[in-house]
Amino acid sequence: MNGGLTSKIFAYCERGLDPAFWAEPLNAVSNAGFFIAAAVAAVAMVRTRAVGQPRWSEWALIGLVGVIGTGSFLFHTLATRWAAIADGAPIAIFMLAYTGYALRRFLGLSRWASALGLAAFVAALAAASAAPCPLALRSLVKGVGCPNGSLGYGPALVTLALVAAAAAVKRHPAAGYLIAASAAFAVSLVMRSLDQEVCGATMVWGQTRGTHALWHLLNAVTLGVLLMAAVRYGDVAGTSSRGPLDFSRPRVVG
């Protein structure tokens, strides 16, 4: 049915108008970066000597990155509307979860302050998604959205940069990781935005490829660095009993 969940989406340079499963080989295979990032963080978690209860929040974030890789692989092979939801939903959940985590664990904000921060973040995401395309970006709108759907990630980049700056001011040991993640994310957004713009200049193995695979790889670096910040500095010296994605601050012993 036209417009249904099984209808095809042709949004990226590498796919063009080809509905085949492997029409986007680089875009599909590059999702391995997310699984590698999750695996590296999982190994680091196992090697970390945690005091007290298991660190469910960190494990949940690691699991989310694996789900992101799975959803993105589905979308870049099946290219259907339901696969697009499987792609986008885990990303949205991770953005909200990690923002709440960072506000509590790295900045030490109260529950109410963190809730207000999350509410502001959600409002910014909604505003960015509904905003008209700025004139300066209209030359990059050969794909879907503005530019190619990247404008909606703007609030995530700004929020990550602000949290990194605040952590640096507080001299939190995770600040360097957050700054590095901000830089990698900024470059990855450029790659996502230019996918259709430079499509004709990216001929590899007889087919135009675009730059979306670079978005995946750089985004995997971003998420991997964020996971390592959580693994290494999300728990100071012990934790109270917490459930998955509970953002309560660690209990400092001594």
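Residues numbered from 1 in each chain as written. Predicted model: local features only at pLDDT ≥ 70, side-chain atom pairs only at ≥ 80, totals over all residues. Heavy atoms only, no water.

Engineer: Help me understand the overall build of the protein chain in this model?
Structural biologist: Per the secondary structure count, the protein chain includes 8 helices and 2 strands. Starting at the N terminus and walking to the C terminus, you meet the elements of the protein chain as α-α-α-α-α-α-α-β-β-α. Per-residue burial for the protein chain yields a buried fraction of 46% across its 254 residues. For the protein chain, the share of sequence-separated contacts (at least 6 apart) that also reach a separation of at least 24 residues comes to 71%. Counting every atom, the protein chain has about 12,000 Å² of accessible surface; 70% of that belongs to carbon and sulfur. (Helix = DSSP H or I, 4+ residues; strand = E, 2+ residues; numbered from the N terminus. Buried < 20%, exposed > 50% of the residue type's maximum accessible area, 1.4 Å probe, protein only. Contact = heavy atoms within 4.5 Å. Areas by Shrake-Rupley, 256 points an atom, 1.4 Å probe, with all protein chains shown as cover.)

Engineer: How do you make sense of the state of the cysteines when you look at a structure like this?
Structural biologist: Every disulfide links exactly two cysteines, by a covalent bond between their sulfur atoms. This structure, assessed with the given rule, holds 1 disulfide. The residue that forms a disulfide with Cys13 is Cys199, at a sulfur-sulfur distance of 2.0 Å. Disulfide Cys13-Cys199: torsion about the S-S bond near 75 degrees, hence right-handed. Linking Cys13 in the segment before α1 (25-29) with Cys199 in the loop between α7 (175-193) and β1 (203-204), this pair joins segments that are 186 residues apart in sequence. A relative accessible area of 13% means that Cys199 is categorised as buried. (Disulfide = S-S within 2.5 Å.)

Engineer: I keep staring at the packing of helix α2 (residues 32-47) against helix α3 (residues 56-78) and nothing clicks. Help me out?
Structural biologist: If you want to describe how two helices pack, look at the angle between their axes and the distance between the axes. Following both chains from N to C, one finds α2 and α3 inclined at 160 degrees, their axes separated by 8 Å at the closest point. With respect to each other, α2 and α3 are oriented roughly antiparallel. Where α2 crosses over α3, the handedness of that crossing is left-handed. Here α2 contributes Phe34, Phe35, Ala37, Ala38, Ala41, Ala42, Met45 and Val46 to the contact with α3, which in turn contributes Glu58, Trp59, Ile62, Val65, Gly66, Ile68, Gly69 and Thr70. Among the residues making up the contact of α2 with α3, the classes are represented as 12 nonpolar, 3 polar and 1 charged. (Axes fitted to C-alpha atoms, helices over the stretch in contact; angles between N-to-C directions. Parallel < 35°, antiparallel > 145°, perpendicular 65-115°, else oblique. Left-handed = near helix turned anticlockwise from the far one by under 90°. Nonpolar A, V, L, I, M, F, W, Y, C, P; charged D, E, K, R; others polar.)

Engineer: I'm lost on helix α6 (residues 154-169) in this one. Help?
Structural biologist: Note that an α-helix has 3.6 residues per turn; residues three or four places apart therefore point the same way. When the terminal C-alpha atoms of α6 are compared, their 23 Å separation across 16 residues agrees well with the 22 Å that a helix rising 1.5 Å per residue should span. For α6, the complete set of buried residues consists of Pro155, Ala156, Leu160, Val163, Ala164 and Ala167. What you see down the axis of α6 is that its buried residues fit within an arc of 165 degrees, all on one side. Among the exposed residues of α6, those pointing more than 90 degrees away from its buried face are Leu162 and Val169. Structurally, α6 contributes buried residues whose contacts are with α4 (81-105), α5 (111-130), α7 and α8 (212-233). Looking one or two places after α6, you find Arg171, whose phi comes out positive at around 60 degrees. (Expected span 1.5 Å × (residues − 1). Arc of directions from axis to C-beta.)

Engineer: When you look at the packing of aromatic side chains in this model, what are you seeing that I'm missing?
Structural biologist: A ring pair, where both rings are aromatic, is described by two values, the distance of the centres and the angle of the planes. Counted under the stated rule, the structure contains 11 aromatic pairs. Each ring, one from Phe94 and one from Tyr98, has its centre 5.6 Å from the other, and the planes form 25 degrees; the classification is stacked. Note that Phe94 and Tyr98 are positioned in helix α4 at a spacing of 4 residues, about one turn of the helix. Accessibility assignment for this pair places Phe94 and Tyr98 in one class, buried. The class of Tyr98 is buried, set by a relative accessible area of 4%. Pairwise contacts between aromatic rings join Phe94, Tyr98, Tyr101 and Phe106 into one cluster. Its end group placed over the ring of Trp215, Arg192 keeps NZ or CZ at 5.3 Å from the ring centre. (Phe/Tyr/Trp six-rings, centres within 6.5 Å; stacked < 30°, edge-to-face > 60°. Lys NZ or Arg CZ within 6 Å of the ring centre and 35° of its normal.)

Engineer: Mind showing me how you'd approach the pattern of salt bridges here?
Structural biologist: Opposite charge on two side chains permits them to pair, given that their charged atoms come into close proximity. In the structure shown here, the tally under the stated rule is 4 salt bridges. The partner of Arg209 in a salt bridge is Glu14, with the nearest N and O atoms 3.0 Å apart. Of this pair, Arg209 sits in the loop between β2 (207-208) and α8 while Glu14 sits in the segment before α1, placing them 195 residues apart in sequence. With relative accessibility at 7%, the residue Arg209 sits in the buried group. Glu58 is the partner of Arg105 in a salt bridge, and the nearest nitrogen-oxygen pair spans 2.8 Å. Of this pair, Arg105 sits in helix α4 while Glu58 is found in helix α3, placing the two residues 47 residues apart along the sequence. Look at the salt bridges and you will find they share partners, linking Arg55, Glu58 and Arg105 into a network. (Salt bridge = Lys/Arg side-chain N within 4 Å of Asp/Glu carboxyl O.)

In short, geometric facts, not functional conclusions.
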